[in-house]
Amino acid sequence: MAQVMASRVTRQTVGAVADGAFKVLLGAVGIAGAAPLGRLLGTPVWLMALSGVALLIGGGIEIGYTRSRSMRTYTRLMIAYDSGWVLAALAGFLMARQGSDAGGEVWMGYQTAAPILFAVLLIAAPPVRVPPARFPLGPRRPGSETHTAST
């Protein structure tokens, strides 16, 4: 009989992958639509494109590290990122409401810096400690079955 060791996929893991995928999608849209989005938000095209690249990198790293970093670390980083996103959007909105042209730049500046900071902190976080898998090295002996799953 062969032993099977399956990794457990939790809702938190799905959430972390979805968060990274959303950043990748937003980054691709930001790059592809840099000119029209820049006009809409009143930001330079280069900032829109740079923000798109930062989101692509940050989202890709976020997806890539889901198996090697704790979901506690992910949750804390996502809460901090999203809280900053809300504050940057609010600051940009209030600036635009008062007639300032810098509201879009504040928001896109956050979208440029925050994904890179998120990625750096995620890379720097300690890896998850996974106990070594127990696989029999030789033939089985009756009474020595300590495996977790068998097929």
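Residues numbered from 1 in each chain as written. Predicted model: local features only at pLDDT ≥ 70, side-chain atom pairs only at ≥ 80, totals over all residues. Heavy atoms only, no water.

Student: Outline the packing of aromatic side chains, supporting the account with residue identities and numerical values.
Tutor: Here the structure, examined in full by the defined rule, presents three aromatic pairs. With centroids separated by 5.8 Å and ring planes inclined at 50°, the aromatic side chains of Tyr81 and Tyr110 adopt a geometry described as tilted. Of this pair, Tyr81 sits in helix H4 (residues 71–97) while Tyr110 sits in helix H5 (residues 103–124), and the two are 29 residues apart along the sequence. For the pair shown, Tyr81 and Tyr110 are each scored as buried. Centroid distance Tyr81 to Phe118: 6.0 Å. Interplanar angle 90°. Geometry classified as edge-to-face. Of this pair, Tyr81 sits in helix H4 while Phe118 sits in helix H5; the two residues are 37 residues apart in sequence, bridging distant segments of the chain. Residue classification places Tyr81 among the buried positions, given a relative accessible area of 8%. Residue Phe118 is classed as buried on the basis of its relative accessible area of 4%. (Phe/Tyr/Trp six-rings, centres within 6.5 Å; stacked < 30°, edge-to-face > 60°. Helix = DSSP H or I, 4+ residues; strand = E, 2+ residues; numbered from the N terminus. Buried < 20%, exposed > 50% of the residue type's maximum accessible area, 1.4 Å probe, protein only.)

Student: Mind laying out a nonpolar patch on the surface, listing which residues take part and the relevant values?
Tutor: Taken together, the side chains of Ile31, Val53, Leu56, Ile57, Ile116 and Val120 define a hydrophobic patch exposed on the protein surface, amounting to about 420 Å² of accessible area. Of all elements in the fold, only helix H3 (45–64) and H5 reach the threshold of two or more residues within the nonpolar patch. For the nonpolar patch, the element with the most residues is H3, which contributes three residues. Looking at where Val53 falls in the secondary structure, it is placed in helix H3. (Patch = residues over 30% accessible without salt bridge, like charges linked within 9 Å, V, L, I, M, F, W, Y side chains within 5 Å. Areas by Shrake-Rupley, 256 points an atom, 1.4 Å probe, with all protein chains shown as cover. Salt bridge = Lys/Arg side-chain N within 4 Å of Asp/Glu carboxyl O.)

Student: Tell me about the packing of helix H2 (residues 34–41) against H3, and please be specific about residues and values.
Tutor: It is at 8 Å that the axes of H2 and H3 come closest, and there the two elements cross at 115°. The element H2 and its partner H3 pack so that their crossing is right-handed. Residues Ala34, Ala35, Leu37, Gly38 and Leu41 of H2 touch H3, and the partners they reach there are Val45, Met48 and Ala49. Of the residues that constitute the contact of H2 with H3, the class distribution is seven nonpolar, one polar and no charged. (Axes fitted to C-alpha atoms, helices over the stretch in contact; angles between N-to-C directions. Left-handed = near helix turned anticlockwise from the far one by under 90°. Contact = heavy atoms within 4.5 Å. Nonpolar A, V, L, I, M, F, W, Y, C, P; charged D, E, K, R; others polar.)

Student: Before we move on, can you summarise H4 with the specific residues and values?
Tutor: Between its first and last C-alpha, H4 extends 38 Å over 27 residues, near the 39 Å set by a 1.5 Å rise per residue. Turning to H4, its buried residues are Met71, Tyr74, Leu77, Met78, Tyr81, Gly84, Ala88 and Gly92. Packed against the buried residues of H4 are helix H1 (11–32), H3 and H5. Immediately beyond the C-terminal end of H4, within one or two residues, lies Gly99, with a positive phi of roughly 95°. (Expected span 1.5 Å × (residues − 1).)

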